[in-house]
Structure formats: structure tokens, C-alpha cells
Amino acid sequence: MEFVELPLGYVNKLASQIISISALLGGFSLTVLVMLIDRDGPKRLMKNIFRLAAFSTCAFLVAIFGMTNILMMTTEGFPFPVEDSDIAFPRLAGTLAFFLGIIGVLGIVSAMGWTQSKGLGIFTTIIGGLSLVFILAMLT
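The present account deals with the structure reproduced in this document.

What counts, and at which threshold
Residues numbered from 1 in each chain as written. Predicted model: local features only at pLDDT ≥ 70, side-chain atom pairs only at ≥ 80, totals over all residues. Heavy atoms only, no water. Axes fitted to C-alpha atoms, helices over the stretch in contact; angles between N-to-C directions. Helix = DSSP H or I, 4+ residues; strand = E, 2+ residues; numbered from the N terminus. Parallel < 35°, antiparallel > 145°, perpendicular 65-115°, else oblique. Left-handed = near helix turned anticlockwise from the far one by under 90°. Contact = heavy atoms within 4.5 Å. Nonpolar A, V, L, I, M, F, W, Y, C, P; charged D, E, K, R; others polar. Patch = residues over 30% accessible without salt bridge, like charges linked within 9 Å, V, L, I, M, F, W, Y side chains within 5 Å. Areas by Shrake-Rupley, 256 points an atom, 1.4 Å probe, with all protein chains shown as cover. Salt bridge = Lys/Arg side-chain N within 4 Å of Asp/Glu carboxyl O. Buried < 20%, exposed > 50% of the residue type's maximum accessible area, 1.4 Å probe, protein only. Phe/Tyr/Trp six-rings, centres within 6.5 Å; stacked < 30°, edge-to-face > 60°. Expected span 1.5 Å × (residues − 1). Arc of directions from axis to C-beta. Core = buried A, V, L, I, M, F, W, Y, C linked by side-chain atoms within 4.5 Å.

Observations concerning the packing of helix 3 (residues 88-112) against helix 4 (residues 118-138)
Next, step 1: Contact pair helix 3 / helix 4: the axes reach a minimum separation of 7 Å and the direction vectors enclose 160°. On the basis of the axis angle, helix 3 is roughly antiparallel to helix 4. Of the two possible hands of crossing, helix 3 and helix 4 adopt the one that is right-handed. Together, Ile102, Ile103, Leu106, Val109 and Ser110 of helix 3 and Gly121, Thr124, Thr125, Gly128, Gly129, Ser131, Leu132 and Ile135 of helix 4 make up the contact between the two elements.
Next, step 2: Its residues placed into classes, the contact of helix 3 with helix 4 shows six nonpolar, seven polar and no charged.

Next comes the structure, spelled out in C-alpha cells:
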């Protein structure tokens, strides 16, 4: 696979989209985190869902700040010259955090059904797995 240099205008728009999606999904995972503080359920499972929610929230925050850095550097009028190497680390960190956050949110969706019943747990696990497959398919 060959690395393709992307035009800065495209990187700017992509960063903007990732910021929006990360803010939405980060808010969702933060809401789950807050809602789980006093919730009863299987102790071990609830701890793991809480961990996934905390992980997803933090991952989306990293993605937001990494992509905001890129957005600022690729916006017309930025006061310093920008090279591809300047945005390499924020791009890598932001993209990785974004995908880890998505995996975390899908983990939350998959695990939440198990707090209610075995049947619902199987259903939500299948839905979460299929969603991951479709998301990965859309990336190729």
C-alpha cells in the first residue's frame, strides 16, 4: 500500500468532519459514563462498560484536539508555513484515537444488552459486530 499525500484543503475538510463526529460520539459516551455511575446490574459487566465509556470519551477528546490542531494549521491565513511533517503526528494520533473511540462505542453497544438478558445480549453483540464490519468496509 502506497502512502498518498493529501492536499491541505482536503485534510482541512476531513479534520472538520472528524471533529464533528468525535464531538457527537464523545458526548454519547460521556452520557453513558455519567448514567452508569449509579446504575445497578452485573457488577463485573457494569465495570467493563464503565471502562469502555471512559476510554471512548477520552479517545474522542484526543481526536477532537488532534484534528483541531490540523484544522487550524490547514486553514487559510495560518501565520506560519505548514509542511506535511507538521501535521503528521496530530493526524496519526487523531485518526487512531477516532477509530479507537468508535471501537469503544461499539463495545458499549455490544455489552449493554447483556445487562438485561442473554437474548438481548446476543442481539446487541451481533449488531455491534456487524456495525464494526460495515464501518471497516466503508474505509476501503
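Now, onward.
Looking at a nonpolar patch on the surface
Next, step 1: A cluster of nonpolar side chains, namely Phe55, Leu96, Leu100, Ile103, Leu132, Leu136 and Leu139, defines an oily patch on the protein surface of about 610 Å² accessible area.
Next, step 2: Top element by residues in the nonpolar patch is helix 3. It accounts for three residues.
Next, step 3: Residue classification places Leu100 among the partly exposed positions, given a relative accessible area of 34%.

As for the environment of Gly41
Next, step 1: Of note, Gly41 is situated in the loop between helix 1 (8-35) and helix 2 (43-73).
Next, step 2: A relative accessible area of 41% means that Gly41 is categorised as partly exposed.
Next, step 3: Spatially, the C-alpha atoms of Gly41 and Ile18 are 34 Å apart, while their sequence positions differ by 23 residues.

Brief notes about the environment of Leu136
Next, step 1: In this structure, Leu136 sits in helix 4.
Next, step 2: Measuring from C-alpha to C-alpha, the distance between Leu136 and Gly107 comes to 15 Å, with 29 residues separating the pair along the chain.

Observations regarding the packing of aromatic side chains
Next, step 1: Within the structure shown, the criterion is met by three aromatic pairs.
Next, step 2: Judged by centre distance (6.4 Å) and plane angle (70°), the ring pair of Phe60 and Phe98 falls under edge-to-face. Taken together, the residues Phe60 in helix 2 and Phe98 in helix 3 connect sequence positions 38 residues apart. For the residue pair Phe60 and Phe98, the accessibility class agrees, reading buried in each case.
Next, step 3: With centroids separated by 5.4 Å and ring planes inclined at 65°, the aromatic side chains of Phe98 and Phe99 adopt a geometry described as edge-to-face.
Next, step 4: With relative accessibility at 28%, the residue Phe99 sits in the partly exposed group.

Some points on helix 4
Next, step 1: Over its 21 residues, helix 4 runs 30 Å from end to end, which matches the ideal 30 Å to within 8%, given 1.5 Å per residue.
Next, step 2: Listed in full, the buried residues belonging to helix 4 are Gly121, Thr124 and Gly128. Down the axis of helix 4, the sector holding all buried residues measures 70°, keeping them to one side. More than 90 degrees from the buried face of helix 4, the exposed residues found are Val133 and Phe134.

Section: the nonpolar core
Next, step 1: Core analysis: the largest hydrophobic core is formed by 15 residues, its most contacted members being Phe60, Met67, Ile70, Ile87, Phe98 and Ile102.
Next, step 2: Elements represented by at least two residues in this core include exactly helix 1, helix 2 and helix 3.
Next, step 3: Counting eight residues, the second-largest nonpolar core is a separate cluster that includes Val32, Leu36, Met46 and Ala111.

Considering the packing of helix 1 against helix 3
Next, step 1: Contact geometry for helix 1 and helix 3: axes closest at 11 Å, N-to-C directions at 35°. Crossing of helix 1 against helix 3: the hand is left-handed. Here helix 1 contributes Ile18, Ile21, Ser22, Leu25, Phe28, Ser29 and Val32 to the contact with helix 3, which in turn contributes Phe98, Ile102, Val105 and Ile108.
Next, step 2: Grouping the constituent residues of the contact of helix 1 with helix 3 by class yields nine nonpolar, two polar and no charged.

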